[in-house]
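What follows is the residue order along each chain.
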Amino acid sequence: MDPQSQTTSLQRLQNVEKIIVRVLELAGGVMDEMASPSGPRKELVNNHCSEFMKFIKDIQVTLREEIKSACEYRPFEKCDYVPRISNEICYKKLEYVIAQLDEMKQTIEGYRNAA
């Protein structure tokens, strides 16, 4: 891996971190809106949920690309233990995040259906 691609990969992962922060802000905004004494504003909740789901999709795509890219990198031709284990750990983490996001999506859809 050349230094330029490492920088690009690092920048993409830093961008994912920023998007995750935005996703959490959106989720918090929806929760605040749902707890509003005057009731949730449907348009605001729908906009936040749509933006939330778009960002989740972007995060998934970027993380999958980064994991795939990491799988292709082999510092030693015959030794793949470290990248293989690292990728297995990343894969398990990604599975966990996807499961959590699916639960959040179901919760959001439950709120939509209840509205």
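Rules and cut-offs
Residues numbered from 1 in each chain as written. Predicted model: local features only at pLDDT ≥ 70, side-chain atom pairs only at ≥ 80, totals over all residues. Heavy atoms only, no water. Helix = DSSP H or I, 4+ residues; strand = E, 2+ residues; numbered from the N terminus. pLDDT = per-residue confidence, 0-100. Buried < 20%, exposed > 50% of the residue type's maximum accessible area, 1.4 Å probe, protein only. Polar contact = N/O pair within 3.5 Å; in protein donor to acceptor, adjacent residues only side chain to side chain. Salt bridge = Lys/Arg side-chain N within 4 Å of Asp/Glu carboxyl O.

**Regarding the environment of glutamine 60**
Step number 1: Assignment of secondary structure puts glutamine 60 in helix H2 (residues 42-72).
Step number 2: Once the C-alpha coordinates of glutamine 60 and valine 16 are considered, the two residues, 44 residues apart in sequence, prove to be 9.3 Å apart.

**What about the confidence of the model for the protein?**
Step number 1: Residue-level pLDDT values for the protein average 85, and 88% of them are 70 or greater.
Step number 2: Averaged over each element, pLDDT in the protein is lowest for helix H1 (residues 3-34) (85) and highest for H2 (89).

**Some thoughts on the side chain of glutamate 33**
Step number 1: Tracing the backbone through its elements, the reader meets glutamate 33 in helix H1.
Step number 2: Overall, the relative accessible area of 8% leaves glutamate 33 in the buried class.
Step number 3: Only 2.9 Å separates the side chain of glutamate 33 from the backbone nitrogen of arginine 41, close enough to count as a polar contact.

**Details of the side chain of glutamate 66**
Step number 1: Along the chain, the position of glutamate 66 falls in helix H2.
Step number 2: Classification of glutamate 66 by relative accessible area gives buried; the value is 9%.
Step number 3: Within the local environment of glutamate 66, its side chain forms a polar contact with the side chain of arginine 12, the two groups lying 2.4 Å apart.

**Thoughts on the pattern of salt bridges**
Step number 1: For the structure shown, the criterion picks out seven salt bridges.
Step number 2: Across the pair aspartate 58 and lysine 54 runs a salt bridge whose closest N-O atoms are separated by 2.8 Å. One end of the pair, aspartate 58, and the other, lysine 54, are both in helix H2, four residues apart, so they sit about a helical turn from each other.
Step number 3: You can call aspartate 58 partly exposed: its relative accessible area is 27%.
Step number 4: Lysine 92 is paired through a salt bridge with glutamate 95; the nearest N and O atoms lie 3.7 Å apart. Linking lysine 92 with glutamate 95, this pair stays in helix H3 (residues 81-114), spanning three residues, or about one helical turn.
Step number 5: Judged by relative accessible area, which is 34%, glutamate 95 ranks as partly exposed.
Step number 6: Connected through salt bridges with shared partners, the residues Arg22, Glu25 and Glu51 form a single ionic network.

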